[in-house]
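So you can see what is in the structure, the chains are spelled out below.
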Amino acid sequence: MPAHPAPVTRLVDGRDVPLGGVRGMSVTRWLPHRTLPMVGAWCFLDRMGPQRVDMRVLPHPHTGLQTVTWPLTGSIRHRDSLGTDVVLRPGELNLMTGGRGVAHSELSLGESPLLHALQLWVALPADHDDAPAAFEQHTDLPVVELPGARASVVVGELAGAASPATVHTPLLAADVTLDAGATATLPLRPGFEHAVLVLEGEASVDGTGLGVGPLLFLGADADELVMTSAGGARVLLLGGEPYPDDLVMWWNFIGRTHEDVVAARDAWEGHDRDRFPTVPGHGGERIPAPPLPPVRLAPRRRRPPLREVSDDAPAPAMS
Ligand code: MN
């Protein structure tokens, strides 16, 4: 095997967060983290559940990003300001683009269903962050069979299989099932930084033992990923080219500046129907924006990905 530098790894703990408009819902967030703002253009990673819950996320806006919703268990009804009204089931992908502005709602289907779902955000690049709103649902994503594993390619390309999802920077998201007792080697794209989250079971990832919990950041030096699991596991693999720009993230908005976020908030609170058309079916119900903090919102500066950052570092100014 050719010699190459050992990948730099770092474990990032998820934290429990309250989610607006949801009663008693268990949500764990790994991104953004003060020591790891992004992985490629992935700037937000939440897991909802697993729990029996009536999820009721009322209409709310987004700018400057794409939302990726990926249910593992349970179904979600999505409605948006483009007029979309669809049910999303496990194995299917909802991808919504809110460049200049979009609004949507997400509600679980059924009576207190068992719900377990991932929601991620992709920061749009500077030449697409004002793009018109768009929505795609993909129900026939490619599945790659590898020795010891199979992977649904949710976004991007893995081992020669490409997702049809539209993204605007080089990105990867794959949902990998590891067979019990097997060793699987996944090819990684040079130049991408990668991270791994175990969703079910336990796995060893490049020699690091992982249960459901911490996000393992692999840096940008790995060209393959070796995973083993004694009992079988389900693992999310994220990757992307390091995102070049500083971003201001606040509530459901991404902008380049404090003023971008203030303008988006003003448009939502002012019922600007050009920027955020109504989401049909909810009457006047919507999630109001929280008050802005009494300081300028600071950009999340990209940190050198290979530098270890102390847990004592001050948290960036963000909700
Ligand atoms: Mn949303």
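Since this is a predicted model, take the numbers as computed values, not measurements. (Residues numbered from 1 in each chain as written. Predicted model: local features only at pLDDT ≥ 70, side-chain atom pairs only at ≥ 80, totals over all residues. Heavy atoms only, no water.)

**Q** How should the pairing of strand β9 (residues 93–98) be read in this particular structure?
**A** Residues in a regular strand project their side chains so that they alternate between the two faces of the sheet. For β9, the buried fraction is high: six of the six residues fall into the buried class. Both faces of β9 are covered, namely the face carrying Leu-93, Leu-95 and Thr-97 and the face carrying Asn-94, Met-96 and Gly-98. As paired elements, strand β6 (residues 65–73) and β9 share five bridges and run antiparallel to each other. Bridge pairing in β9 places Gln-66 opposite Thr-97. Relative to strand β12 (residues 134–138), β9 is paired through five bridges, and the arrangement is antiparallel. (Buried < 20%, exposed > 50% of the residue type's maximum accessible area, 1.4 Å probe, protein only. Helix = DSSP H or I, 4+ residues; strand = E, 2+ residues; numbered from the N terminus. Pairing = 2+ DSSP bridges.)

**Q** Just to check I follow, could you spell out the coordination of the manganese ion for this structure?
**A** Under ideal tetrahedral coordination, the four donors around a metal are separated by 109.5 degrees; under ideal octahedral coordination, the six donors are separated by 90 or 180 degrees. For the manganese ion, the protein coordination sphere consists of His-60 (NE2), His-62 (NE2) and His-104 (NE2), at 2.1 to 2.2 Å. In terms of primary sequence, the donors binding the manganese ion are separated according to H-x1-H-x41-H. Here His-62, found in strand β5 (residues 56–62), pairs with His-104, found in strand β10 (residues 102–108); they are 42 residues apart in sequence, far enough to count as distant. Residue His-104 is classed as buried on the basis of its relative accessible area of 0%. (Donors = N, O, S within 2.8 Å, 3.2 Å for Na, K, Ca; no water.)

**Q** Quick question: what am I supposed to make of the pattern of salt bridges here?
**A** One side chain can pair with another of opposite charge once the charged atoms of both are near each other. As enumerated under the stated definition, the model contains ten salt bridges in all. As a salt-bridge pair, Asp-85 and Arg-77 come within 2.8 Å of each other at their nearest N and O atoms. A relative accessible area of 42% places Asp-85 in the partly exposed class. A residue is classified by how much of its surface remains accessible, and Arg-77, at 29% relative accessible area, is partly exposed. Two residues, Asp-179 and Arg-150, come together in a salt bridge whose shortest N-O distance is 3.1 Å. Taken as a pair, Asp-179 in the loop between β17 (171–178) and β18 (182–187) and Arg-150 in strand β14 (residues 149–155) lie far apart in primary sequence, 29 residues in all. Judged by its relative accessible area of 27%, Asp-179 falls in the partly exposed class. (Salt bridge = Lys/Arg side-chain N within 4 Å of Asp/Glu carboxyl O.)

**Q** Can you help me understand unusual backbone geometry in this one?
**A** A negative phi angle characterises most non-glycine residues, just as the trans form characterises most peptide bonds. Between Leu-31 and the following residue, Pro-32, the backbone shows a cis peptide bond with an omega angle of -5°. As for its placement among the helices and strands, Pro-32 is situated in the loop between β3 (27–31) and β4 (42–52). Of note, the amide linkage connecting Gly-49 to Pro-50 takes the cis form, showing an omega dihedral of 5°. Residue placement: Pro-50 occurs in strand β4.

**Q** Is there a simple way to think about the sheet that holds β6 in this case?
**A** Strands belonging to one sheet form pairs held by backbone hydrogen bonds; the direction of such a pair is parallel or antiparallel. Across the sheet, which stays open at both edges, the seven strands sit in the order β2-β3-β4-β11-β6-β9-β12 with antiparallel pairing between neighbours. The sheet terminates laterally at β2 (15–16) and β12, the two strands that pair on one side only. The sheet contact formed by β4 and strand β11 (residues 114–123) spans eight bridges and is antiparallel. Looking across to β11, one finds that Asp-46 is bridged to Gln-119.

**Q** I tried to follow the environment of His-78 on my own but got confused; where do I start?
**A** Residue position: His-78 is located in strand β7 (residues 76–80). Assessed through its relative accessible area of 1%, His-78 is described here as buried. C-alpha of His-78 to C-alpha of Val-57: the two residues are 21 residues apart in sequence and 9.7 Å apart in space.

**Q** Help me out: how do you make sense of the sheet that holds β17 in this one?
**A** Strand order in this open sheet of seven strands is β1-β22-β19-β24-β17-β14-β13, and the pairing throughout is antiparallel. One side of each edge strand has no neighbouring strand; the edge strands of this open sheet are β1 (10–12) and β13 (143–146). Each strand of the sheet is rotated relative to its neighbour by a mean of 25°, with strand direction disregarded. In terms of strand pairing, β14 meets β17 through six bridges, oriented antiparallel. When the bridges of β17 are listed, Arg-150 appears paired with Thr-177. (Axes fitted to C-alpha atoms, helices over the stretch in contact; angles between N-to-C directions.)

**Q** What am I meant to see in the packing of aromatic side chains here?
**A** Two measures describe an aromatic ring pair: the distance that separates the ring centres and the angle between the ring planes. Scanning the entire structure with this criterion turns up six aromatic pairs. Ring centres 4.0 Å apart and planes at 10° place the aromatic pair Phe-44 and Trp-121 in the stacked group. One end of the pair, Phe-44, is in strand β4; the other, Trp-121, is in strand β11, with 77 residues separating them in the sequence. Judged by centre distance (6.3 Å) and plane angle (35°), the ring pair of Phe-253 and Phe-276 falls under tilted. One end of the pair, Phe-253, is in strand β26 (residues 253–255); the other, Phe-276, is in the segment after α1 (258–269), and 23 residues separate them in sequence. Just as Phe-253 is buried, Phe-276 falls in that class too. (Phe/Tyr/Trp six-rings, centres within 6.5 Å; stacked < 30°, edge-to-face > 60°.)

**Q** What is the right way to look at the pairing of β14 in this model?
**A** Of all seven residues in β14, five are buried, a share of seventy percent or more. Two elements, β13 and β14, share four bridges in a ladder whose sense is antiparallel. For Leu-146, the partnering residue across the bridge sits in β14 and is Ala-149. The loop that links β13 with its antiparallel partner β14 comprises two residues; one of these, Gly-148, has a positive phi angle of about 85°.

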